[in-house]
Amino acid sequence: MAFKRKHCSIIFGTSLIIFGSVHLISQSLIEVYKQKTLQKRGNTTFDFEQREILRQTFSKRRSRIEKLCELYYSPSKNNINIKRWTNELYVIKRHKLIYCAIAKVASTHWKHVLLRLENPEKQRQLQETNYQQAHGSMYRYSFRRRTQGATKMQQVLNNYTKLLFVRHPLERFVSGYRDKLSHPKDTFTVEIYNYLRTKNKTLETKPSSNWSPTFVEFLHYLVDTEYDHLNEHWARYVDLCNPCLVQYDFIGHYENLHDEALYILQNKSIDNFFDTFETIQKPNHKINSKELVEKYYSGIPIALAERLYRKFYIDFEMFEYTFPWQIFDSTINNNTINN
C-alpha cells in the first residue's frame, strides 16, 4: 500500500512538473502570438491599450450616428438623399467587405487595396498599377452590380463589414478645388462656369481655355446648388454614403488614416495590404492641412461662411467636426459673389 502511495506521489509530482512546463510554454507562445498580432507596418506597434482606444473610438462614432439619425433622418422630411448612396458602395465578396468611397478622402488608395484583396492572384500586376487606374477598375465591384435585387442587397448589408472614411468638410473642399478646379479642366470648370452665367448674363457662352473659377466663386456654387446636383467630389457625406440607412461598422477619419486603416485591416486579418497607404506620405500630401484651410478661407466673408455651414451642417454634426468661425473675415458681411 505504501508503495502505491509513493508511486502515485511520483506520478502526481511528475505530472505537475509536466503541467507547469506546458503552462510556461503556453504562456510564452501566447506572448509571441500577441507580439505578432500587434505588429504594425512602419516599425510601430499597437499595444492592447491602443487597440482598446481605437475600438472605443469606432464604437462612439457609431453611437453618435445612430442618435443623430433618429433626430435628423425622416423619409418624409427628405433631408437626406436616399437616391444616390448605392453609387459609391463597392463590394469585396472574398472578404465580405463593403466600402463607401468618398472622393478626396483617400478613396483612390482604398480602391487599390480592395482590388488587391479581390484579386490576390494578381498581386504583382496590381502593385504596379497606377492608383488612378483603380477608379475605372472598381466598376465591376459596385454594389448595384454585385447585389441585384432588394433581397440580395439587404442580405449583403446585414452580413458584410461596412466602412467609410471622412475628413473635415472644409479641408475636402480645398482639396477638391485644388485638384479639379484650380487649373482649367473641361468637365468641372464648365459646371461652375454655367452656374456663374446664371448670376451674370454678360459672360460669354463658353469659358476661355485658360479660365478657372476663384475659390470664392466655387463656394458660392456649393451653397447655391441643390444637393442632388453636387457631384461626388463635394457632395455631402450623408448623401454619398447614407449612414442612416447603412449601419457602418467602421467610420474612419482621414486625420488619423494611418492608425485607423491599419486597425480595420487587422480586424479583417488583411493588414498585409496596408503598404498601399504608405504612399499617403508622398511629398504633395505633406502640406499642413490647417495652414491650407486658413490660407483659403481667411478672406472669405462671414456671411458666406454662415451659408456654407448651414448647407453642410449635418456632415459637421454627424462626424464631429467643428466649424472654425475664427478664420473667416468678420469685417466683411457682404454675401455677393464678387467678394
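Model, not experiment: these values are computed from the prediction.

Draft legend 1. A look at the packing of helix α8 (residues 169-180) against helix α10 (residues 215-224). Look at α8 against α10: their axes get within 11 Å of each other, and the N-to-C directions meet at 120 degrees. It follows that α8 is oblique to α10 by the angle criterion. Considering the relative orientation of α8 and α10, their crossing is right-handed. In this structure, α8 uses F173, V174 and Y177 to contact α10, whose residues at the interface are F215, F218 and L222. Within the contact of α8 with α10, the residues separate by chemical class into 6 nonpolar, no polar and no charged.

Draft legend 2. View of the state of the cysteines. Inspection of the entire model under this criterion finds 2 disulfides. Disulfide partner of C69: C244, at an S-S distance of 1.9 Å. Judged by the sign of its S-S torsion, about -90 degrees, the cystine formed by C69 and C244 is left-handed. Here C69, found in helix α2 (residues 48-72), pairs with C244, found in the loop between α11 (237-241) and β6 (250-253); they are 175 residues apart in sequence, far enough to count as distant. With respect to burial, C69 and C244 carry one shared label: buried. Between C100 and C241 runs a disulfide, and the two sulfur atoms are separated by 1.9 Å. Between C100 and C241, the S-S torsion sits near -90 degrees, and that sign places the bridge as left-handed. In this pair, C100 is assigned in strand β4 (residues 97-100) and C241 in helix α11, connecting sequence segments 141 residues apart.

Draft legend 3. Up close: unusual backbone geometry. Of note in this structure, K104 is not a glycine but carries a positive phi near 70 degrees. By secondary structure assignment, the location of K104 is in the loop between β4 and α3 (107-118). Of note, the phi angle at E320 is positive, near 60 degrees, even though the residue is not glycine. When you line up the elements, E320 lands in the segment after α15 (313-318). Residue E320 is classed as partly exposed on the basis of its relative accessible area, which comes to 47%.

Draft legend 4. Quick look at the environment of K180. Along the polypeptide, K180 turns up in helix α8. Counting along the chain gives 32 residues from K180 to S212, while the straight-line C-alpha distance between them is 9.6 Å. Among the polar contacts made by the side chain of K180, one reaches the side chain of D179 at a distance of 3.4 Å.

Draft legend 5. Up close: the pairing of strand β5 (residues 161-166). The buried fraction of β5 is high, at 6 of 6 residues. Across the two faces of β5 the burial is the same, with T161, L163 and F165 and K162, L164 and V166 all buried. Here β4 runs beside β5; their pairing, made up of 4 bridges, is parallel. Residue L97 lies in a different strand from β5, and its bridge partner there is T161. Here 4 bridges tie β5 to β6, and the two strands are oriented parallel to one another. The residue bridging L164 from the neighbouring strand is I251, located in β6.

Draft legend 6. Spatial organisation of the pairing of β4. Here β4 shows two buried faces, one formed by L97 and Y99 and the other by I98 and C100. Bridging between strand β3 (residues 89-92) and β4 involves 4 bridges; their strand directions are antiparallel. Along β4, the bridge assignment pairs I92 with L97.

Conventions used here
- Residues numbered from 1 in each chain as written.
- Predicted model: local features only at pLDDT ≥ 70, side-chain atom pairs only at ≥ 80, totals over all residues.
- Heavy atoms only, no water.
- Axes fitted to C-alpha atoms, helices over the stretch in contact; angles between N-to-C directions.
- Helix = DSSP H or I, 4+ residues; strand = E, 2+ residues; numbered from the N terminus.
- Parallel < 35°, antiparallel > 145°, perpendicular 65-115°, else oblique.
- Left-handed = near helix turned anticlockwise from the far one by under 90°.
- Contact = heavy atoms within 4.5 Å.
- Nonpolar A, V, L, I, M, F, W, Y, C, P; charged D, E, K, R; others polar.
- Disulfide = S-S within 2.5 Å.
- Buried < 20%, exposed > 50% of the residue type's maximum accessible area, 1.4 Å probe, protein only.
- Polar contact = N/O pair within 3.5 Å; in protein donor to acceptor, adjacent residues only side chain to side chain.
- Pairing = 2+ DSSP bridges.

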